[in-house]
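# A look at the structure
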Amino acid sequence: MKYQVVAAAYRDLEQASGRLILIDRLAVLLAQTPEELLPKVCYLCQGLVAPEFAAVDLGLAEKLALRAVATATGVEPVEVVAAVREAGDLGQAAEQLLAATAGEREPSLHVDTVVDTLHEIARAGGSGSQGRKLGLLADLLALATPLEARYLLRLVTGNLRLGIGTPTILDALAQVYTGSRKDRPVLERAYNICCDLGLVAATLASGGLTAVQKLQVRAGNPVRVMLAQRLSDAGEILTRLGGQCMAEYKYDGMRLQAHRTADGHIELFTRRQERVSSQFPDVVELLQTGLGPREAILEGEVVAYDAAAGELRPFQEVMFRRRKHGIAEAARDVPIGLFCFELLYADGEDFTGLPYLERRTRLADAITLSDRLRLTTAMEVATAPALDAAFEQAVADGSEGLVCKATGSTAIYQAGARGWLWIKLKRDYRTELADTVDLVVVGAYAGRGRRRGTYGAVLLAAYNPDAELYQTVGRCGTGFSDAELAALPARLAPLIRAERPARVDSRVPADVWFEPSLVLEVLSAELTLSPNHTAGWGQLKDDGGLSMRFPRFTGRWRDDKEPQDATTSQQLVELYRTARRAPAD
Ligand code: AMP
């Protein structure tokens, strides 16, 4: 098949308007395409030469493409530049220059030759690669008709912009191979689970709709992720989900879809199918040891996680450190955790059609949990008050809220859909603190891992002068230097008490209690309502107090302050109220 046939279709598609006309024109092209070329032509319709996730980067800057045009036409580069300026785009300029220099050339380029050469251009790397890329493109252009040149240049510079999306191409495929568009959803499902239009088209052409229906997810091909709807009312959520659901913590990080292929290689994809394994060597390592099945597709949220203190951290810390200090340093300084919530495939079995609870069981079976490889916290909930309580607990524990998941027999994994099987419940306001607060150390937790032998986190309290109580606002294990951590036990030893001191008002346990004495300065991302902490208890909510989200020790011990001089519970209530009045999002 000649590339001219594709170029002519591009031209018509560019001029057409209206979805039905586009589908019809595409259908003509696809019907003309021999079966063995169908995948390549499908990619070309997407403006690609391989599925997008393969990330074949033609890597041709406009400047280089421009020089290829000069070489192929024998026109001086400055003249090419002038032609581009006049025509408004390189493709059109090349078309005109070629028409002037080569005239009525018979189409001779084959689709195969074009696609293979483009792959060769993409593969060219290392020293001298720019010259090789230029040479390969110039050779193609030297054989191209003016119309072919227009689209070749737009393709290699990433400016094809035909205005047709994958759904339109699927419609056209359905029309050609099944006689109507009514079965497009079957093709769509197949596309959503493999992200490879060429594969869907080839399967349809060779085995018909039945074969497409049987297509399964496969390790190595990203699956378009399932997304959640959003509601703000617990009762409404339960009604939508059939009266009960599994409420999972919603972690505030980055979603990763991990694929381990039969060769043992692990690839990580973002929710937009970009490959990011090289950015997360720590996640790859966690999965290499913790993932049971040889082949698997798993989803989880990677978060900044202080495993020693058991605390979630703001994810921006991970991204910021990576940008500033590089991946290896960031992996050491801002450790991550992977909280897994889906298993879509394992060793030949596709789980996307199984109900949620079954997938969850398989997920639990497939991973060996560790400090940093975890399952999302999840609880079964069947009443609105229980869902509200779960939400508050989730926020108190440092997560963003909940993703409520349907548990019925029809709760499959809907690849690529934002449906009503998952509903998120998030805080709709933020209460960020710009100021530091001074809090009293009333308890501590034994450190684990790297922090064995010292404390992993301290329990902090605000002062309530009316009740003469120290009321807790949360634990804090972040911001301490190694030296400070090592010195903590000695510094706190004189204050240890066998029991919780009477003036400490706490609803949470501690491994060690202290006489309220030491004050330290803390910066917290925000204050949230909490069923666990007692500062401001009952003032904002009947059965709740305030807790800090993402507290961080600033490094400043306020030795100048008596514990009674610490920030008061009332001040925290005011801070919370002020922040809510002026939402900063
Ligand atoms: P949103 O980005 O607000 O639409 O929320 C959906 C995102 O929340 C997902 O794409 C995941 O990245 C993230 N997420 C965090 N925790 C969970 C969880 N337990 N289940 C599903 N998604 C989660």
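Since the structure is predicted, the reported quantities are computational estimates derived from the model, not experimental observations.

## Some thoughts on the site of the ligand
- Taken together, 15 residues lie around the ligand, and Glu248, Arg255, Glu301, Lys405 and Lys424 are the ones closest in.
- Here arginine 255 contributes a side-chain N or O atom positioned 2.9 Å from an oxygen atom of the ligand.
- Side-chain polar atom of lysine 405 to a nitrogen atom of the ligand: 2.8 Å apart, as the coordinates give it.
- Considered on its own, the ligand offers 500 Å² of accessible surface; in the complex 91% of this is hidden by protein.
- Going through the elements one at a time, β2 (245–250), β11 (401–405) and β12 (418–426) are the ones with two or more residues in the shell around the ligand.
- At 4 residues, the largest contribution of residues to the shell around the ligand is made by β12.
- Classifying every residue of the shell around the ligand by side-chain character gives 5 nonpolar, 1 polar and 9 charged.

## A look at the pairing of strand β3 (residues 254–260)
- For β3, the buried fraction is high: 7 of the 7 residues fall into the buried class.
- Residues of β3 alternate between two faces, with Met254, Leu256, Ala258 and Arg260 on one and Arg255, Gln257 and His259 on the opposite face, all of them buried.
- Direction of pairing for β3 relative to strand β5 (residues 296–306): antiparallel, over a ladder of 7 bridges. By the bridge assignment, leucine 256 is partnered in β5 with glycine 300.

## Side note on the sheet that holds β11
- With mixed pairing, the 5 strands of this open sheet are ordered in space as β1-β12-β11-β2-β10. Each edge of the sheet is formed by a strand with only one pairing partner; in this case those strands are β1 (227–230) and β10 (378–381). Neighbour-to-neighbour, the strand axes of this sheet turn through a mean angle of 40 degrees, independent of strand direction.
- Looking at chain direction, β2 and β10 are connected through 4 bridges and run antiparallel. Within β10, the residue paired with methionine 246 across the bridge is glutamate 380.
- Contacts from helix α17 (residues 356–366) reach β2, β10 and β11, with the element oriented near 50 degrees to β2.
- Contacts from helix α18 (residues 384–396) reach β2, β10, β11 and β12 within the one sheet, and its direction differs from that of β11 by about 135 degrees.

## Regarding the packing of aromatic side chains
- In total, this model carries 11 aromatic pairs according to the counting rule given.
- Ring centres of tyrosine 305 and phenylalanine 339 lie 5.4 Å apart, and the angle between their planes is 90 degrees; this geometry places the pair in the edge-to-face category. Within this pair, whereas tyrosine 305 is found in strand β5, its partner phenylalanine 339 is found in strand β7 (residues 336–346), the two being separated by 34 residues in sequence.
- Note on tyrosine 305: relative accessible area 6%, which makes it buried.

## Topic: the domain arrangement of the protein chain
- Domain parsing of the protein chain yields domain 1 (227–427) and domain 2 (435–581).
- Here domain 1 and domain 2 have C-alpha centroids that lie 30 Å from each other.
- Contacts between the two partners involve 21 residues from domain 1 and, on the opposite side, 20 residues from domain 2.
- Buried surface at the junction of domain 1 and domain 2, summed over both partners, amounts to about 1,700 Å²; 38% is from carbon and sulfur atoms.
- Per-residue buried area on domain 1 facing domain 2 is highest for Ala308, Arg313 and Glu392; these three make up 31% of the total on that side.
- One can count 4 salt bridges joining domain 1 with domain 2.
- One salt bridge connects aspartate 371 with arginine 448, and the closest N-O pair in it is separated by 3.4 Å.

## Thoughts on the side chain of serine 547
- Position of serine 547 among the secondary structure elements: in strand β21 (residues 545–549).
- The buried category is assigned to serine 547, whose relative accessible area is 1%.
- Apart from the residues lying within four places of it in its own chain, the contact partners of serine 547 are Ala396, Val473, Glu526, Leu527, Thr528, Ser530 and His533.

## Details of the pattern of salt bridges
- Tallied over the entire structure, the rule returns 35 salt bridges.
- The partner of arginine 150 in a salt bridge is glutamate 14, and the shortest N-O contact between them spans 3.1 Å. Residue arginine 150 is found in helix α9 (residues 146–156), and its partner glutamate 14 is found in helix α1 (residues 3–15); the two are separated by 136 residues along the sequence.
- In this structure, the salt-bridge partner of arginine 558 is aspartate 438, at a minimum N-O distance of 3.6 Å. Residue arginine 558 is located in the loop between β22 (552–557) and α20 (569–581), and its partner aspartate 438 is located in strand β13 (residues 436–446); the two are separated by 120 residues in the primary sequence.
- For aspartate 438, a relative accessible area of 8% gives the class buried.
- Each of Glu14, Asp89, Glu95, Arg150 and Arg154 takes part in salt bridges that share partners, so that together they form one network.

## Here we look at the state of the cysteines
- Inspection of every chain in the model, using the stated rule, returns 0 disulfides.
- Unpaired in this structure, cysteine 42 has its nearest cysteine sulfur neighbour in cysteine 45, at a distance of 6.2 Å.
- Its sulfur unpaired, cysteine 340 is 20 Å from the next cysteine sulfur, which belongs to cysteine 404.
- Of the residues examined, cysteine 340 reaches a relative accessible area of 0% and is grouped as buried.

Reading the values: the criteria
- Residues numbered from 1 in each chain as written.
- Predicted model: local features only at pLDDT ≥ 70, side-chain atom pairs only at ≥ 80, totals over all residues.
- Heavy atoms only, no water.
- Near = heavy atom within 4 Å.
- Polar contact = N/O pair within 3.5 Å; in protein donor to acceptor, adjacent residues only side chain to side chain.
- Areas by Shrake-Rupley, 256 points an atom, 1.4 Å probe, with all protein chains shown as cover.
- Helix = DSSP H or I, 4+ residues; strand = E, 2+ residues; numbered from the N terminus.
- Nonpolar A, V, L, I, M, F, W, Y, C, P; charged D, E, K, R; others polar.
- Buried < 20%, exposed > 50% of the residue type's maximum accessible area, 1.4 Å probe, protein only.
- Pairing = 2+ DSSP bridges.
- Axes fitted to C-alpha atoms, helices over the stretch in contact; angles between N-to-C directions.
- Contact = heavy atoms within 4.5 Å.
- Phe/Tyr/Trp six-rings, centres within 6.5 Å; stacked < 30°, edge-to-face > 60°.
- Domains from an automatic or database assignment.
- Buried area = accessible area lost by both parts, 1.4 Å probe.
- Salt bridge = Lys/Arg side-chain N within 4 Å of Asp/Glu carboxyl O.
- Disulfide = S-S within 2.5 Å.

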